[in-house]
Amino acid sequence: LGCAVDGHPTPNITWLYSGEPLSLQHRLLAGGRILQILNISDAPHGGFSCLAQNEAGSLTQTTTLAIQEYQWSVDKLMACSASCGNKGVQLPQLRCLLDGAEVNISHCKEKPKPALQAIACNRRDCPSRWMVTSWSPCTRSCGGGIQTRRVTCQRLTARGSSVPMSNEACAQVSKCPVDTQNCNRQPCAEWVVSSWGQCNGPCIGPQLAVQHRQIFCQTKDGTSVSSDQCSALPRPLTTQNCWTDVCGVHWRVSLWTVCTATCGNYGFQSRRVDCMHVRTNKPVLEHHCSWRPRPANWQRCNIMPCENGMLLRGGEAVWCRGRKKAETSQKLSSGPC
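Residues numbered from 1 in each chain as written. Predicted model: local features only at pLDDT ≥ 70, side-chain atom pairs only at ≥ 80, totals over all residues. Heavy atoms only, no water.

Caption draft 1: Here's a closer look at the overall build of the protein chain. When helices and strands are tallied, the protein chain shows one helix and 26 strands. Counting only residues that meet the buried cut, the protein chain has 25% of its 337 residues in that class. Surface accessibility of the protein chain: about 23400 Å² in total, with carbon and sulfur atoms responsible for 51%. (Helix = DSSP H or I, 4+ residues; strand = E, 2+ residues; numbered from the N terminus. Buried < 20%, exposed > 50% of the residue type's maximum accessible area, 1.4 Å probe, protein only. Areas by Shrake-Rupley, 256 points an atom, 1.4 Å probe, with all protein chains shown as cover.)

Caption draft 2: Quick peek at the side chain of Thr-152. By the element assignment, Thr-152 lies in strand β14 (residues 151-156). Side chain to side chain, Thr-152 and Gln-154 meet in a polar contact 3.2 Å long. Non-local contacts of Thr-152, meaning those with residues more than four positions away in its chain, are made with Arg-129, Trp-130 and Met-131. (Polar contact = N/O pair within 3.5 Å; in protein donor to acceptor, adjacent residues only side chain to side chain. Contact = heavy atoms within 4.5 Å.)

Caption draft 3: Broad picture of the sheet that holds β14. Taken in spatial order, the three strands of this open sheet run β12-β14-β15, and their pairing is antiparallel. The open sheet has two edge strands with one neighbour each: β12 (129-132) and β15 (162-164). Within this sheet the neighbouring strands show an average axis-to-axis angle of 55 degrees, counted without direction. Two strands pair when backbone bridges link them, and β12 and β14 are joined in this way by four bridges, in the antiparallel orientation. Across the sheet, the residue bridging to Val-132 is Val-151, located in β14. (Pairing = 2+ DSSP bridges. Axes fitted to C-alpha atoms, helices over the stretch in contact; angles between N-to-C directions.)

Caption draft 4: Layout of the sheet that holds strand β7 (residues 70-77). Read across the open sheet, the three strands follow the order β7-β9-β10; overall the sheet is antiparallel. Two strands close off the open sheet at either side, each with one partner strand: β7 and β10 (101-103). Going from strand to strand, the sheet's axes swing by 60 degrees on average, the running direction of each strand aside. Direction of pairing for strand β9 (residues 92-98) relative to β10: antiparallel, over a ladder of three bridges. Bridging from a neighbouring strand, Leu-97 pairs with Glu-102 of β10.

Caption draft 5: Up close: the state of the cysteines. The final tally for this structure, using the stated rule, is eleven disulfides. In this model, Cys-217 is linked to Cys-230 through a disulfide, with the two sulfur atoms separated by 2.0 Å. The S-S bond linking Cys-217 to Cys-230 shows a torsion near 85 degrees; that makes this disulfide right-handed. On the criterion of sequence distance, the pair formed by Cys-217 in strand β19 (residues 215-219) and Cys-230 in the loop between β19 and β20 (239-242) is long-range, its members being 13 residues apart. The exposure classification of Cys-217 matches that of Cys-230, with both residues buried. (Disulfide = S-S within 2.5 Å.)

Caption draft 6: Representation of the nonpolar core within the structure. Among the nonpolar cores identified, the biggest contains twelve residues, and these are Cys-3, Val-5, Ile-13, Trp-15, Leu-22, Leu-24, Leu-35, Ile-37, Phe-48, Cys-50, Ala-52 and Leu-65. Taken together, the elements giving at least two residues each to this core come down to β1 (12-17), β4 (34-37) and β5 (46-54). Here the element with the most residues in this core is β5; it accounts for three residues. If we ignore the near neighbours within four places in the chain, the residues touching Ile-13 are Cys-3, Val-5, Gly-31, Gly-32, Arg-33, Cys-50, Leu-51 and Ala-52. Counting six residues, the second largest nonpolar core, distinct from the first, contains Trp-251, Cys-275, Cys-289 and Trp-291. (Core = buried A, V, L, I, M, F, W, Y, C linked by side-chain atoms within 4.5 Å.)

Caption draft 7: Fine view of the pairing of β4. Residues Leu-35 and Ile-37 point to one face of β4 and are all buried, whereas Ile-34 and Gln-36, pointing to the other face, are not buried. Strand direction decides the pairing type here: strand β3 (residues 26-29) and β4, joined by four bridges, are antiparallel. The residue of β4 that forms the bridge with Leu-29 is Ile-34. Joining the antiparallel neighbours β3 and β4 is a turn of four residues, in which Ala-30 adopts a positive phi near 55 degrees.

Caption draft 8: Region of the structure containing unusual backbone geometry. In this chain, His-8 is followed by Pro-9 through a cis amide linkage whose omega measures 0 degrees. The topology assignment puts Pro-9 in the segment before β1. Within the chain, Asn-122 stands out as a residue other than glycine whose phi angle is a positive 50 degrees. On the basis of relative accessibility, which here comes to 27%, the residue Asn-122 falls in the partly exposed class. Despite not being glycine, Asn-184 shows a phi value in the positive range, around 45 degrees. If you trace the backbone, Asn-184 turns up in the loop between β16 (180-183) and β17 (189-193).

Caption draft 9: Up close: the packing of aromatic side chains. Tallying each qualifying case throughout the model produces one aromatic pair. Summarising the aromatic geometry, the rings of Tyr-17 and Phe-48 are spaced 4.9 Å apart at their centres and angled 50 degrees between planes, so their arrangement reads as tilted. Here Phe-48 lies in strand β5 and Tyr-17 lies in strand β1, a separation of 31 residues in the sequence. Judged by its relative accessible area of 0%, Phe-48 falls in the buried class. (Phe/Tyr/Trp six-rings, centres within 6.5 Å; stacked < 30°, edge-to-face > 60°.)

Read these as spatial facts, not as claims about activity.
The structure is reproduced here in structure tokens:
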């Protein structure tokens, strides 16, 4: 509380409650001009006054303190959760009050909430009523199907048990629900595809060129519908690999030549390897066949010892040692037998 007085010389200030010196816990600030009450719950309702005195005279200023406190209230009950049966409960309605008037509940958020006790209510037998199960799956996914459910007349008791009743007992209360209904009446649809488009793309390896086609979801009479109606069916491919003329190549090999030797370590033979176009049967640049392994164009042959045998080398017959008689008129050689 503040004492809004001033004077010269500076007045002395004395705080009083109902004309008596203060007895509650307090603190004086700003030379006594401010009274700080340390515990607001200790402050009674009443009038506080400050007495300012100096040589010129005195002045008294009075302030009335009224303590208002937010409080939780549970004096009202919420509606019962059930009209009959054995599970109906009521919970107290939590409200925030200030001097008996309801205010926004956020004003009481710093106060601990009171414990709420549920109260049983409407614990009595329910009137007979129709009970239904869930619908069965539709007999068809399109074109019109049927689904069913079970409908029975029952009564829920105050003990929580369900008692079967005659259909007449429920018919007096309400109309019997249907147990059969139509479903999936939309026309049946299917995927329709166009023909494949042109095969495009370079062929660096097998089947890297691609071609495309369009797909549509249509009914049996050719009417286009949303693709959602075909979602349950396998979706055809719209893109596939294809084989272009550039890919239609292969390695062609000729026959091996005659081995250059009948034995020893010097025999080899060769053959011609060309990259050929399948359709035109004409040679093309070898890099078109590079994605396939290139066949070998030479190999060693007749690699075997020449002991007690004849080696043909460069068209000359050479007899090895151990032969007693030459069967040719050519001069014997001291060749590498």
